[in-house]
Amino acid sequence: AQSVSQHNHHVILSEAASLELGCNYSYGGTVNLFWYVQYPGQHLQLLLKYFSGDPLVKGIKGFEAEFIKSKFSFNLRKPSVQWSDTAEYFCAVNPSGAGSYQLTFGKGTKLSVIP
Amino acid sequence: DTAVSQTPKYLVTQMGNDKSIKCEQNLGHDTMYWYKQDSKKFLKIMFSYNNKELIINETVPNRFSPKSPDKAHLNLHINSLELGDSAVYFCASSQQGGTNSPLHFGNGTRLTVT
């Protein structure tokens, strides 16, 4: 079975700082990768996803993530964060072809952006 | 026009009681899920239903019983509640669970067992 590790539990940044949240997974085969975001008091929503092709994927609100197969990583980045990016971020993975039935989430990283 | 709605938002109850959480989606999705998020924010799938049929039943105590009267609803009934059941329970739906269509989550139900 696959697993997902998010190493940063809580990240605190000032506005305009650059962001990188780490995500590593363990699985022997090909995978699909996702980042979900949960704003305070709201539900989780999809930020971006990678299935195949260009390993650099762009999502909503200026976020992007890079899939590095050799490192089993899918780190989330944003060049300049805003206070409104304060949220909990979850990385998720499933085996290619398995679909959402086998989606496994990481434990999440809380991002606090200070104005 | 909430896409995935679950009720109640908060639920405080005593050990041994039986409670239910309701979930409805108006997205026309075929697949619905229940996830449990514990105090450490770990999000783990509990059940998945596709067109009212149980697809996934992870290692969950049989005190938890999902019921899907139709594909737009997936309710969660919990018998004999225990302290360890305290968590946030999220309902979600997707177009088809066997594909990579994204999950749409409800706002969660925070269950506190005293």
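Preceding block: the structure.
The structure displayed is predicted, hence computed values, not measured ones.

Regarding the overall build of chain B
Then, number 1: Across its full length, chain B holds zero helices and eleven strands.
Then, number 2: Across chain B, helices and strands are ordered from the amino to the carboxyl terminus as β-β-β-β-β-β-β-β-β-β-β.
Then, number 3: Computed over its C-alpha atoms, the radius of gyration of chain B comes to 13 Å, within 12% of the 13 Å expected for a compact globule of 114 residues.
Then, number 4: With the C-alpha coordinates of chain B rotated into their principal frame, the extents come out at 40 × 30 × 25 Å.
Then, number 5: Taken over 114 residues, chain B has a buried fraction of 44%.
Then, number 6: Taking the contacts inside chain B whose residues are at least 6 apart along the sequence as the reference set, 54% of them involve residues at least 24 apart.
Then, number 7: With an accessible surface of roughly 5,600 Å², chain B has 48% of that area assigned to carbon and sulfur atoms.
Then, number 8: Counting 12 positive and 10 negative side-chain charges, chain B places the averaged centre of each group 6 Å from the other.

Focus: the sheet that holds strand β7 (residues 64-70) of chain B
Residues and elements named next belong to chain B.
Then, number 1: Within the open sheet, the four strands sit side by side as β1-β3-β8-β7. Their pairing is antiparallel. With partners counted over all chains shown, the strands left at the sheet margins are β1 (4-7) and β7, one partner each. Strand-to-strand twist across the sheet, computed as the mean angle between neighbouring axes with direction ignored, equals 15°.
Then, number 2: Direction of pairing for β1 relative to strand β3 (residues 19-25): antiparallel, over a ladder of four bridges. Across the sheet, Q6 pairs through a bridge with C23, a residue of β3.

Side note on the packing of aromatic side chains
Then, number 1: Enumeration according to the criterion identifies 15 aromatic pairs over all chains in this entry.
Then, number 2: Measuring from centroid to centroid gives 5.8 Å for F34(A) and F51(A), while their planes differ by 70°, and the two rings are edge-to-face. Within this pair, whereas F34(A) is found in strand β5 (residues 31-38), its partner F51(A) is found in the loop between β6 (44-50) and β7 (56-58), the two being separated by 17 residues in sequence.
Then, number 3: With relative accessibility at 33%, the residue F51(A) sits in the partly exposed group.
Then, number 4: Seen from their ring centres, Y35(B) and F105(B) are 5.7 Å apart, and the 55° between their planes marks the pair as tilted. Taken together, the residues span a long stretch of sequence, with Y35(B) in strand β4 (residues 31-37) and F105(B) in strand β10 (residues 104-105) at a distance of 70 residues. The residues Y35(B) and F105(B) share a single accessibility class, namely buried.
Then, number 5: Through a chain of ring-to-ring contacts, the aromatic side chains of F34(A), Y36(A), F51(A), F105(A), Y33(B), Y35(B), F90(B) and F105(B) assemble into a single cluster.
Then, number 6: The aromatic ring of F42(B) is capped on one face by K107(A), whose charged end is 5.7 Å from the ring centroid.

Some thoughts on the state of the cysteines
All names here are of chain B.
Then, number 1: In the structure shown here, the tally under the stated rule is two disulfides over all chains.
Then, number 2: Bridging C23 to C91, the disulfide has an S-S length of 1.8 Å. Because the sign of the S-S torsion sets the handedness, a value of about -80° for the bond joining C23 and C91 places this disulfide among the left-handed ones. Separated by 68 residues along the polypeptide, C23 in strand β3 and C91 in strand β9 (residues 87-94) bring together distant segments of the chain. Residues C23 and C91 agree in their burial class; the two are buried.

A short note on the interface of chain B and chain A
Then, number 1: On the chain A side, the residues contacting the 25 residues of chain B number 20 residues.
Then, number 2: When chain B packs against chain A, close to 1,900 Å² is buried across both sides, 57% of that on carbon and sulfur atoms.
Then, number 3: The largest share of the area that chain B buries against chain A comes from K41(B), N100(B) and F105(B), three residues that together contribute 30% of it.
Then, number 4: The tally of links between chain B and chain A comes to zero salt bridges.
Then, number 5: For the pair chain B and chain A, the interface holds two residue pairs in polar contact (both at pLDDT 80 or more).
Then, number 6: Contributions of two or more residues to the side of chain B that touches chain A are made by β4, β5 (43-50), β6 (53-57) and β9 of chain B.

Parameters at a glance
- Residues numbered from 1 in each chain as written.
- Chains lettered and ligands numbered in written order.
- Predicted model: local features only at pLDDT ≥ 70, side-chain atom pairs only at ≥ 80, totals over all residues.
- Heavy atoms only, no water.
- Helix = DSSP H or I, 4+ residues; strand = E, 2+ residues; numbered from the N terminus.
- Rg over C-alpha atoms; globule rule 2.2 N^0.38 Å.
- Buried < 20%, exposed > 50% of the residue type's maximum accessible area, 1.4 Å probe, protein only.
- Contact = heavy atoms within 4.5 Å.
- Areas by Shrake-Rupley, 256 points an atom, 1.4 Å probe, with all protein chains shown as cover.
- Lys, Arg positive; Asp, Glu negative; His and termini not counted.
- Charge placed at Lys NZ, Arg CZ, Asp CG, Glu CD.
- Pairing = 2+ DSSP bridges.
- Axes fitted to C-alpha atoms, helices over the stretch in contact; angles between N-to-C directions.
- Phe/Tyr/Trp six-rings, centres within 6.5 Å; stacked < 30°, edge-to-face > 60°.
- Lys NZ or Arg CZ within 6 Å of the ring centre and 35° of its normal.
- Disulfide = S-S within 2.5 Å.
- Buried area = accessible area lost by both parts, 1.4 Å probe.
- Salt bridge = Lys/Arg side-chain N within 4 Å of Asp/Glu carboxyl O.
- Polar contact = N/O pair within 3.5 Å; in protein donor to acceptor, adjacent residues only side chain to side chain.

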